Amino acid sequence: MTITFITGANKGLGRETARRLIEHGHTVLVGARDRERGEETAAALGARHVPIDVTDDASVAAAAANVAEREGRIDVLINNAGVHGPVGDPGDLTAADAFAVLDVNVLGVVRTTTAFLPLLRRSADPVVVNVSSGMGSLALTHDPDRPESHVVAPLYTSSKAALTMLTTQYAKGLDGIRVNAADPGYTATDLNGHSGPQTVTEGTDAIVALATEGPGAGTGRFVSRHGEIAWS
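Residues numbered from 1 in each chain as written. Predicted model: local features only at pLDDT ≥ 70, side-chain atom pairs only at ≥ 80, totals over all residues. Heavy atoms only, no water.

Caption draft 1: Representation of the overall build of the protein within the structure. A tally of regular secondary structure across the protein gives nine helices and eight strands. The globule rule puts the C-alpha radius of gyration for 232 residues at 17 Å, and the 16 Å found for the protein is close to it. Along the longest, intermediate and shortest principal axes, the C-alpha atoms of the protein span 45 × 35 × 30 Å. In the protein, once contacts between residues fewer than 6 apart in sequence are set aside, the share between residues at least 24 apart is 68%. With the model as given, the accessible surface of the protein reaches about 10300 Å², and the carbon-plus-sulfur share is 53%. Side-chain charges in the protein split into 19 positive and 27 negative, and the spacing between the mean points of these groups amounts to 6 Å. (Helix = DSSP H or I, 4+ residues; strand = E, 2+ residues; numbered from the N terminus. Rg over C-alpha atoms; globule rule 2.2 N^0.38 Å. Contact = heavy atoms within 4.5 Å. Areas by Shrake-Rupley, 256 points an atom, 1.4 Å probe, with all protein chains shown as cover. Lys, Arg positive; Asp, Glu negative; His and termini not counted. Charge placed at Lys NZ, Arg CZ, Asp CG, Glu CD.)

Here it is as structure tokens:
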């Protein structure tokens, strides 16, 4: 049975991804910083909650140790946890603002991926899915017909651009592990005040597709629910 660990899985895209992958037959580990919400989600879905704060080295190490003791391996790691940060005029941004966003959206992925690599390497078909965004694409944010071009979110967009590039580097450097990035699209979640036109199910299509591909599928890709997309 495929064992999948998802960060930020107590609500939004993470929770819906967990629900759908359980329907696909995965054993899902709900990674969540909020213990109460994580346990509620796990109980409701038929999963197991594993406490994790992706901004805390000790918490991430403890989560990996927890899974090593209980499950012994994972087959799929979904780096979903993310924050948005300030929107609008970037003139008042501070280094602290930037660190708060990058610490979750980029450094959190590095912490979690590094900690869980030994568990992934025990899988016959290890997969990493990084939940990025078209908001980090030069092509999409410069296309006036795309909603991504009408939002000024300097730290979120730059963090997702960094995450997509990090994905390609992991794909090149981690032999035997498929590493891809998913663009959920403009989905109604807490992150955007539920303003997105897509349902949370539609928003998880690319994530679920990448998590359920068979051996031999490609690596280093940036994928939306409509297919592979341009990043530059």
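On we go.
Caption draft 2: Quick look at the environment of Leu210. As for its position among the elements, Leu210 is in helix 9 (residues 205–211). Overall, Leu210 belongs to the buried group, its relative accessible area being 2%. Put simply, Leu210 and Ser133 are 77 residues apart on the chain and 15 Å apart in space, counted from C-alpha to C-alpha. (Buried < 20%, exposed > 50% of the residue type's maximum accessible area, 1.4 Å probe, protein only.)

Caption draft 3: Region of interest: helix 3 (residues 57–70). With 14 residues, helix 3 extends 20 Å between its outermost C-alpha atoms, agreeing within 8% with the 20 Å of an ideal straight helix rising 1.5 Å per residue. Taken together, the buried positions of helix 3 are Ser59, Val60, Ala63, Ala64 and Val67. One face of helix 3 carries all of its buried residues, which in axial projection span an arc of 135°. Exposed and facing more than 90 degrees away from the buried side of helix 3 are Asp57, Ala58 and Glu69. Tucked into the core, helix 3 has its buried residues touching strand 1 (3–6), strand 2 (27–32), strand 3 (48–51) and helix 5 (107–120). Of the residues that open helix 3, the one with a side-chain oxygen 3.0 Å from the backbone nitrogen of Ala58 is Asp56. At the exit of helix 3 stands Gly72, carrying a positive phi of roughly 85°. (Expected span 1.5 Å × (residues − 1). Arc of directions from axis to C-beta. Polar contact = N/O pair within 3.5 Å; in protein donor to acceptor, adjacent residues only side chain to side chain.)

Caption draft 4: Quick peek at the environment of Gln169. Relative to the helices and strands, Gln169 is located in helix 7 (residues 154–173). Note: C-alpha distance between Gln169 and Glu69 (100 residues apart in sequence) is 30 Å.

Caption draft 5: Region of the structure containing the pattern of salt bridges. Tallied over the full model, the rule gives twelve salt bridges. In this structure, Asp75 and Arg73 form a salt bridge, with 3.0 Å as the shortest nitrogen-oxygen distance. Of the residues examined, Arg73 reaches a relative accessible area of 24% and is grouped as partly exposed. As a salt-bridge pair, Arg111 and Asp103 come within 2.8 Å of each other at their nearest N and O atoms. Each member of the pair, Arg111 as well as Asp103, carries the same accessibility label: buried. (Salt bridge = Lys/Arg side-chain N within 4 Å of Asp/Glu carboxyl O.)

Caption draft 6: Broad picture of the packing of helix 4 (residues 95–105) against helix 7. Look at helix 4 against helix 7: their axes get within 10 Å of each other, and the N-to-C directions meet at 35°. In this structure, the crossing between helix 4 and helix 7 has a hand that is right-handed. Side by side, helix 4 and helix 7 meet where Asp97, Ala98, Val101, Leu102 and Asn105 of the first sit next to Leu155, Tyr156, Ser159, Lys160 and Leu163 of the second. Taken together, the residues of the contact of helix 4 with helix 7 break down into six nonpolar, two polar and two charged. (Axes fitted to C-alpha atoms, helices over the stretch in contact; angles between N-to-C directions. Left-handed = near helix turned anticlockwise from the far one by under 90°. Nonpolar A, V, L, I, M, F, W, Y, C, P; charged D, E, K, R; others polar.)

Caption draft 7: Region of interest: the pairing of strand 4 (residues 76–79). Residue alternation in strand 4 divides its side chains into two sets, Val76 and Ile78 and Leu77 and Asn79, and both sets are buried. Sheet analysis places strand 1 next to strand 4, joined by three bridges and oriented parallel. Along strand 4, the bridge assignment pairs Ile6 with Ile78. (Pairing = 2+ DSSP bridges.)

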